[in-house]
Structure formats: C-alpha cells, structure tokens
Amino acid sequence: MKKFLSTYTPLQIAIHLYAWSTILRLIIEAATGTLSVNPIQELEQRTGRQAITLLILSLACTPINTIFKWTEPLKRRRTLGLYAFMYAVVHVIIFVDLDYGLALSQIVKTILQKPYIIVGVITFLLLIPLAFTSFDIWKKRLGKNWKRLHQLIYLIAPLAVLHFAWSKKGDLFSLSGDIIRPLIYVLVLSIFLIFRIPAIRKALASFSPRRLILPSRKSQQPKVDTP
Ligand code: HEM
C-alpha cells in the first residue's frame, strides 16, 4: 500500500477511480437489472455523458495550471483524454451493436436522418487521430504538427456539446425540455475556451490566488506541450 501511494499521486488515483466508476456502476446495474426501463438508452446516454465530462475535464487542466500554478494536471491531460476516447468507443459500440444489432443499412439510415448523430460521428472521427497520436513517440515524430493536430480539441469539444444538446431535442429559446444539463456543459466549456484567449490567460496568470509550487522549483516545471 505504501509503495502504491508513493507511485501514484492522489490526483492520479482520483482520475482512475472516477474514470472507471461509471463502467463499474453500469456493469453492476446491468447485472442486477436496475439500469432503467430502457437499459440500452441508459447505457448509451451515461457512456456519452462520461465521455464528454472527461473531455471537458481534460480541457480544465490548462486553466487550473494557469490560475493555481499547479503543474500536475498538465501531466494528466493525456489520461483524461484517453479515458474520454474509451467511453466514446463504448458509446459507439452500444449504438451500433446493442441499439442497432450491427444492421449496417439501418445504422446509416438513422445517421443520415438525424443531424445530431452526424455531429456525433464527426466528433468521434476527429477524436481517433488525437487518441492514437497522444503518446510521446508521436509527439516526437510529428514535431510542431503534433500541437497543431491536438488543437483540434477546441473544435471537438464544442461539437461534442452540440451533439449532446441536440440529442435532447429541447427548445433553447423557451428553455423547455431536458436542456439544463447540456446548458451546464455549454457554460463550463465556454469558460474554459475563454480562458484560452491569450489576454485573459495572461490576466489570470497575474491574479493567481495560490501558488502550489515553490518559486525555487519553478525551473523544474515539466515541459508539457499545450495545444
Ligand atoms: C459514431 C459516433 C456517435 C454516435 C453514433 C452517437 C450516438 C448517440 C445517440 C444515438 C445518442 C442519443 C441517445 C438517446 O438519448 O437515446 C447520443 C447521445 C449522446 N452522445 Fe453520442 N454518439 C456518437 C459520438 C459521441 C461522442 C464522440 C461523444 C462525446 C465525446 C458523445 C456524447 C454523447 C452525449 C453526452 C449524449 C447525450 C447523453 C444524454 O442524453 O444524457 N457521442 N449519442
């Protein structure tokens, strides 16, 4: 136990526990028959939500570092991004297999009929190269292009939120339907994207309320590429 705790930081442990918790709960609920009256839809929705939550958490790492001067989250972005991809893969498998029984023509028909699913497909396709090139070997191989490629995340995240909000079929103008949750994601994502604007980032950095690393250790900050 002591060795485990000295190998992994509390943040690492929290991320792994949080990431696996949804799958674990879904397995338990599926095994005990307590998922919901529509178990496939429940599986689809909860894996989709976990994917988007992890994606947005990965976007939170840079602002956290900027505000609190806490460098560890920068090292955890890849883990969060890969877990987001894992849930997106499970979400898509549930759609094509459990929901549509791998009936290709039916799947294509549904995708073409529902624009929010087209957005989901585009989001998923864009996520694939990011997941596969997230490893250090690809960072070295792609050089400057790695950063350019990974900036796609600023397109992917809004697309994922659009897919989410659109799937709810609510009316944004009359605030009717199940739109509160997607709206929260829109809000959180907008805040993180605003934090990326250089002028705002600079202002935040100078107003940092806390410094989680000692000034003398500043030179030891990890060299992490920020897309
Ligand atoms: C091939 C790609 C995808 C397909 C075919 C697909 C399909 C679907 C479908 C059919 C639903 C509606 C479920 C329902 O309410 O009955 C849905 C919802 C959702 N999807 Fe996707 N999706 C895809 C990609 C993604 C990706 C990449 C993400 C996130 C990164 C995502 C996140 C979500 C979320 C958050 C919801 C709403 C969950 C809720 O209702 O609470 N999807 N998706």
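The structure presented is a predicted model; accordingly, all values stated were derived computationally and were not measured.

1. Considering the overall build of the protein
Moving on, step 1. Regarding its fold elements, the protein presents eleven helices and zero strands.
Moving on, step 2. Reading the helices (α) and strands (β) of the protein from amino to carboxyl end gives α-α-α-α-α-α-α-α-α-α-α.
Moving on, step 3. Within the protein, buried positions represent 21% of all 227 residues.
Moving on, step 4. For the protein, the proportion of contacts with a sequence separation of at least 24, taken over those separated by at least 6, is 66%.

2. Focus on the packing of helix α3 (residues 39-68) against helix α9 (residues 153-167)
Moving on, step 1. Put simply, α3 and α9 touch, their axes get as near as 10 Å, and they point 145° apart. Seen from above, α3 lies across α9 with left-handed handedness. Here Ile-52, Leu-55, Ile-56 and Leu-59 of α3 come into contact with α9, specifically with Ile-153, Ala-157, Ala-160, Val-161 and Phe-164.
Moving on, step 2. Along the lines of polarity and charge, the residues of the contact of α3 with α9 split into nine nonpolar, no polar and no charged.

3. Here's the deal with the site of the ligand
Moving on, step 1. The environment of the ligand is made up of 22 residues, and the closest members are Gln-45, Gly-48, Ala-51, Gly-120 and Phe-124.
Moving on, step 2. Going through the elements one at a time, α3, α4 (72-99), α6 (115-132) and α9 are the ones with two or more residues in the shell around the ligand.
Moving on, step 3. For the shell around the ligand, the element with the highest residue contribution is α3, accounting for eight residues.
Moving on, step 4. The residue makeup of the shell around the ligand, split by class, is twelve nonpolar, eight polar and two charged.

4. Topic: the confidence of the model for the protein
Moving on, step 1. Looking at the protein as a whole, the pLDDT averages 90, with 89% of positions reaching at least 70.
Moving on, step 2. Between residues 214-220, whose pLDDT stays under 50, and residues either more than four places distant or in other chains, the model counts one contact.

5. Some remarks on the nonpolar core
Moving on, step 1. The biggest cluster of nonpolar side chains holds 28 residues, and the ones touching the most others in it are Leu-54, Leu-55, Ala-84 and Ala-157.
Moving on, step 2. Where this core is concerned, the elements lending two or more residues are α3, α4, α6, α9 and α10 (180-194).
Moving on, step 3. Among the elements that make up this core, the one with the highest residue count is α4 (nine residues).
Moving on, step 4. Excluding its chain neighbours within four sequence positions, the residues that come into contact with Leu-55 are Ala-84, Ala-157 and Ala-160.

6. Description of the environment of Ser-134
Moving on, step 1. Here Ser-134 lies in the loop between α6 and α7 (136-142).
Moving on, step 2. Distance in space between the C-alpha atoms of Ser-134 and Leu-82 is 8.2 Å, their sequence separation being 52 residues.
Moving on, step 3. Residues contacting Ser-134, with those up to four places away along its chain left out, are Arg-78, Gly-81 and Leu-82.

7. Let's talk about the environment of Thr-79
Moving on, step 1. You can see Thr-79 is positioned in helix α4.
Moving on, step 2. Residue class for Thr-79 comes out partly exposed when judged on the 17 C-beta atoms lying within 10 Å of it.
Moving on, step 3. Counting along the chain gives 21 residues from Thr-79 to Ser-58, while the straight-line C-alpha distance between them is 8.3 Å.

Scoring rules and cut-offs
Residues numbered from 1 in each chain as written. Predicted model: local features only at pLDDT ≥ 70, side-chain atom pairs only at ≥ 80, totals over all residues. Helix = DSSP H or I, 4+ residues; strand = E, 2+ residues; numbered from the N terminus. Buried ≥ 20, exposed ≤ 12 C-beta atoms within 10 Å, placed from the backbone. Contact = placed C-beta atoms within 7 Å. Axes fitted to C-alpha atoms, helices over the stretch in contact; angles between N-to-C directions. Left-handed = near helix turned anticlockwise from the far one by under 90°. Nonpolar A, V, L, I, M, F, W, Y, C, P; charged D, E, K, R; others polar. Near = placed C-beta within 6 Å. pLDDT = per-residue confidence, 0-100. Core = buried A, V, L, I, M, F, W, Y, C linked by C-beta atoms within 7 Å.

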